[in-house]
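A closer look at the structure
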Amino acid sequence: MSKIHVTTTVNGDETEFLCDPRETLLDVLRDRLSLTGAKEGCGTGDCGACSVTLDGRLVCSCLVLGAEAEGKSIGTVEGIAQGEELDPLQEKFIEYAALQCGICTPGILVATKSLLEKNPDPSETEIRYWLAGNLCRCTGYDKIIRAVMDTAADLRKAS
Amino acid sequence: MKYHSPKSFEDAAAIAQNADGITRYLAGGTDVLVQLRADVVTPDDLIDIKKIDGVHDITETGDGWTIGVAVSGAEMSEHPALGMEWPGIVEAMDLIGSQQIQGRATLVGNLCNGSPAADSVPALVAAGASVTLTRTGGTRTVAVEDVPTGPGRTSLEKDEVVSAVNIPKQVENGGDAYLRFIPRTEMDIAVVGCGVNLRLDGDTITEARVSLGAVAPTVLLVEEAAKAIIGTTLDGGALEALASAASTACNPIDDKRGTIKFRTHVAGVLAKRAAKIAYDRAKGVK
Ligand SMILES: Cc1cc2nc3c(=O)[nH]c(=O)nc-3n(C[C@H](O)[C@H](O)[C@H](O)COP(=O)(O)OP(=O)(O)OC[C@H]3O[C@@H](n4cnc5c(N)ncnc54)[C@H](O)[C@@H]3O)c2cc1C
Ligand code: FES
Ligand code: FES
């Protein structure tokens, strides 16, 4: 099968790769670009562990083809920290122990970062609905919600 | 599998016409990729329609709205005017999946996947929406209710592609609503869905369209249910007649989501609730 040549931007850097037409963006990120932050939980759009942004929109990378990334801008969890310096959201996840096994965490960070960019003052209900497509089998969600609400409060104070 | 990204609908149709295996169009991919990954459907030709000019636009025309075939649910919800005029359609689309799915899922994909439980379809049917189909050398317009012909099947010809969704202008004193029943609050498939669109003259309903999802092999336009409320003020008697007509129209399956008896009953309950919301909206009650 002939491979497709794709030029795209990942976390601000222009990148090229060759992929099979059936390969998903998640497979490309993990297996071709060595960005293993996005995880495969289900591969069918249900769990959100593979969440990334595509031209600024939150999507499941398991339901996007690598070929569709042509000319797009992709954001992954690897792009959230500034070098060694963690994002305030990441700091809060640690402070609140909002993760246990950590499989869901990259997806939840990408999803909540995208929520806070749109809505700096989300209610608890809004956060829970926004995260309906991000499953966590460990934390029971409560600590995640607290961490997000506290990050939002700090960001509002700072601005 | 060959991946194509044509620049026009005519080119897309020509690729489909010349294909000899399984063909799928790629809009948001939230059905196509799930089926591909599960080895349910592996297309020989996958035709991505998102690179065609104008497919991402929501346009207000003199007679209503044209929704591009790549417009996502999130884009519909963010539009400042569409949801004011057609809250039922926008809310129906917004029920689909999670935020991540909303970033990709489209009206046309929801319609052409052919699920009897597709959430946006009853709302489009109630609104009297249509789709434009393009093939090499021409186009035709088809009412949304005439697109699905059975689970996973549509009336589109092999060489036809949907090139636009057309929603009429909401009439003065008109209002629409869509409700679905699911056992959870998010991330589930409709057990029953119901769309209502109606017009008032004073307190009296003069026009109505009622549609049901997930209670038959295709989404239904239920004329008897509309007749039950036309000429009434949606009083208690009219609501009971509406519920009974909606339940009578049901021909559902028994499955893990709901029994035949449950679905038939809930269709009546949802029809009443959706009609009340549409009525209030037509009155301008927020
Ligand atoms: C986690 C999850 C949750 C979901 N929840 C819901 C839900 O609550 N309610 C619901 O109704 N659905 C739900 N779905 C199903 C799906 O998201 C919707 O049906 C969606 O609207 C499909 O749109 P799409 O653009 O992604 O379609 P695609 O997957 O791109 O296409 C679907 C079908 O439409 C055809 N098609 C696409 N574009 C065209 C065109 N221009 N012309 C002709 N044919 C075309 C394709 O060939 C394909 O057969 C869910 C899916 C997932 C993964
Ligand atoms: S792996 Fe993509 S949603 Fe689960
Ligand atoms: S921390 Fe284990 S799944 Fe969320």
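Bear in mind the structure is a predicted one, so any value in this text is a computation, not a measurement.

Criteria and cut-off values
Residues numbered from 1 in each chain as written. Chains lettered and ligands numbered in written order. Predicted model: local features only at pLDDT ≥ 70, side-chain atom pairs only at ≥ 80, totals over all residues. Heavy atoms only, no water. Helix = DSSP H or I, 4+ residues; strand = E, 2+ residues; numbered from the N terminus. Rg over C-alpha atoms; globule rule 2.2 N^0.38 Å. Buried < 20%, exposed > 50% of the residue type's maximum accessible area, 1.4 Å probe, protein only. Areas by Shrake-Rupley, 256 points an atom, 1.4 Å probe, with all protein chains shown as cover. Lys, Arg positive; Asp, Glu negative; His and termini not counted. Charge placed at Lys NZ, Arg CZ, Asp CG, Glu CD. Core = buried A, V, L, I, M, F, W, Y, C linked by side-chain atoms within 4.5 Å. Contact = heavy atoms within 4.5 Å. Phe/Tyr/Trp six-rings, centres within 6.5 Å; stacked < 30°, edge-to-face > 60°. Domains from an automatic or database assignment. Buried area = accessible area lost by both parts, 1.4 Å probe. Salt bridge = Lys/Arg side-chain N within 4 Å of Asp/Glu carboxyl O. Near = heavy atom within 4 Å. Polar contact = N/O pair within 3.5 Å; in protein donor to acceptor, adjacent residues only side chain to side chain. Nonpolar A, V, L, I, M, F, W, Y, C, P; charged D, E, K, R; others polar. Pairing = 2+ DSSP bridges.

Some words on the overall build of chain A
Along chain A, the regular secondary structure elements total five helices and five strands. In chain A, the succession of α and β elements from N to C terminus is β-β-α-β-β-β-α-α-α-α. A compact globule built from 159 residues would reach a C-alpha radius of gyration of about 15 Å, and chain A, at 16 Å, matches this within 12%. For chain A, buried positions account for 52% of its 159 residues. For chain A, the accessible area works out to roughly 7,400 Å², and carbon and sulfur atoms hold 48% of it. The positive charge centre, built from 16 side chains, and the negative charge centre, built from 25, are 5 Å apart in chain A.

A look at the nonpolar core
Where a protein is soluble and globular, its nonpolar side chains tend to be buried together. Residue and element names in this part refer to chain B. In this structure, Ile67, Met76, Val131 and Ile167 are the most contacted members of the largest nonpolar core, which totals 78 residues. At five residues, helix 8 (residues 120-127) tops the list of elements feeding residues into this core. Contact partners of Met76, with chain neighbours within four places excluded, come to Ile58, Val71, Leu82, Ile89, Val90, Met93 and Leu107. Membership of the second largest hydrophobic core comes to 32 residues, among which are Val192, Val210, Ala225 and Ile229.

Looking at the packing of aromatic side chains
All names here are of chain B. Throughout the structure, instances matching the rule amount to one aromatic pair over all chains. Ring geometry for Phe181 and Phe262: centres 5.4 Å apart, planes at 70°, overall edge-to-face. Placement of Phe181 in strand 11 (residues 174-181) and of Phe262 in helix 11 (residues 260-283) is noted, with a sequence separation of 81 residues between them. You can call Phe262 partly exposed: its relative accessible area is 33%.

Points about the domain arrangement of chain B
Residues and elements named next belong to chain B. Segmentation of chain B into domains returns domain 1 (2-168) and domain 2 (174-282). Centre-to-centre separation of domain 1 and domain 2, based on C-alpha positions: 24 Å. Contacts between the two partners involve 25 residues from domain 1 and, on the opposite side, 22 residues from domain 2. Interface area for domain 1 against domain 2, summed over the two sides, is near 1,900 Å², with a carbon-plus-sulfur share of 59%. Broken down residue by residue, the surface that domain 1 buries against domain 2 is led by Pro116, Pro122 and Ala126, which jointly contribute 27%. Applying the counting criterion to the domain 1 and domain 2 interface returns three salt bridges. Where Glu145 meets Arg209, a salt bridge forms, and the shortest distance between an N and an O atom there is 3.0 Å.

Quick look at the interface of chain B and chain A
Taken together, the contact between chain B and chain A spans 30 residues of the former and 32 residues of the latter. Counting the surface lost from both chain B and chain A, the interface buries some 2,400 Å², and carbon and sulfur atoms represent 59% of this. Summed over the shared surface of chain B and chain A, the number is seven salt bridges. Here Arg37(B) makes a salt bridge to Glu40(A), at a shortest N to O gap of 2.9 Å.

Some words on the site of ligand 1
All names here are of chain B. Around ligand 1, 36 residues are found, and the nearest of them are Gly28, Thr30, Asp31, Thr106 and Asp119. At 2.9 Å from an oxygen atom of ligand 1 is found a main-chain nitrogen or oxygen belonging to Tyr25. Between ligand 1 and the protein, one listed contact pairs an oxygen atom with a side-chain N or O atom of Thr30 at 2.6 Å. Burial of ligand 1 by the protein amounts to 93% of the accessible area it has alone, namely 1,000 Å². Mapped onto the shell around ligand 1, the elements with two or more residues apiece are strand 2 (23-26), helix 2 (32-37), helix 7 (107-112) and strand 10 (161-168). Take the shell around ligand 1: its biggest share by element is four residues, from helix 7. Residues that form the shell around ligand 1 fall into these classes: 19 nonpolar, 10 polar and seven charged.

Some words on helix 5 (residues 87-94) of chain B
In terms of residue burial, helix 5 of chain B counts as a mostly covered element, since six of its eight residues are buried. All of the buried residues along helix 5 of chain B are Pro87(B), Gly88(B), Ile89(B), Val90(B), Ala92(B) and Met93(B).

Some points on the side chain of Thr218(B)
Within the fold, Thr218(B) resides in the loop between strand 13 (204-213) and strand 14 (220-221). Thr218(B) has contacts with Pro116(B), Pro148(B), Thr149(B) and Gly150(B), leaving out every residue within four places of it along the chain.

A word on the pattern of salt bridges
Residues and elements named next belong to chain A. Counting across every chain of the model gives 31 salt bridges over all chains. A salt bridge links Arg156 to Asp121, with the nearest nitrogen and oxygen atoms 3.1 Å apart. Highlighted residues: Arg156 in helix 5 (residues 142-158) and Asp121 in the loop between helix 3 (105-118) and helix 4 (124-130), separated in sequence by 35 residues. Taking relative accessible area as the criterion, Arg156 reaches 34% and is therefore assigned partly exposed. Sharing partners across several salt bridges, the network here consists of Lys92, Glu95, Asp150, Asp154 and Lys157.

Overview of the sheet that holds strand 11 of chain B
Residue and element names in this part refer to chain B. Spatially, 11-12-13-14 is the arrangement adopted by the four strands of the open sheet, whose pairing is antiparallel. Unpaired on one side and paired on the other, strand 11 and strand 14 mark the two borders of the sheet. Note: strand 11 against strand 12 (residues 192-201), eight bridges, orientation antiparallel. Residue pairing for strand 12: Leu179 is matched across the bridge by Cys194.

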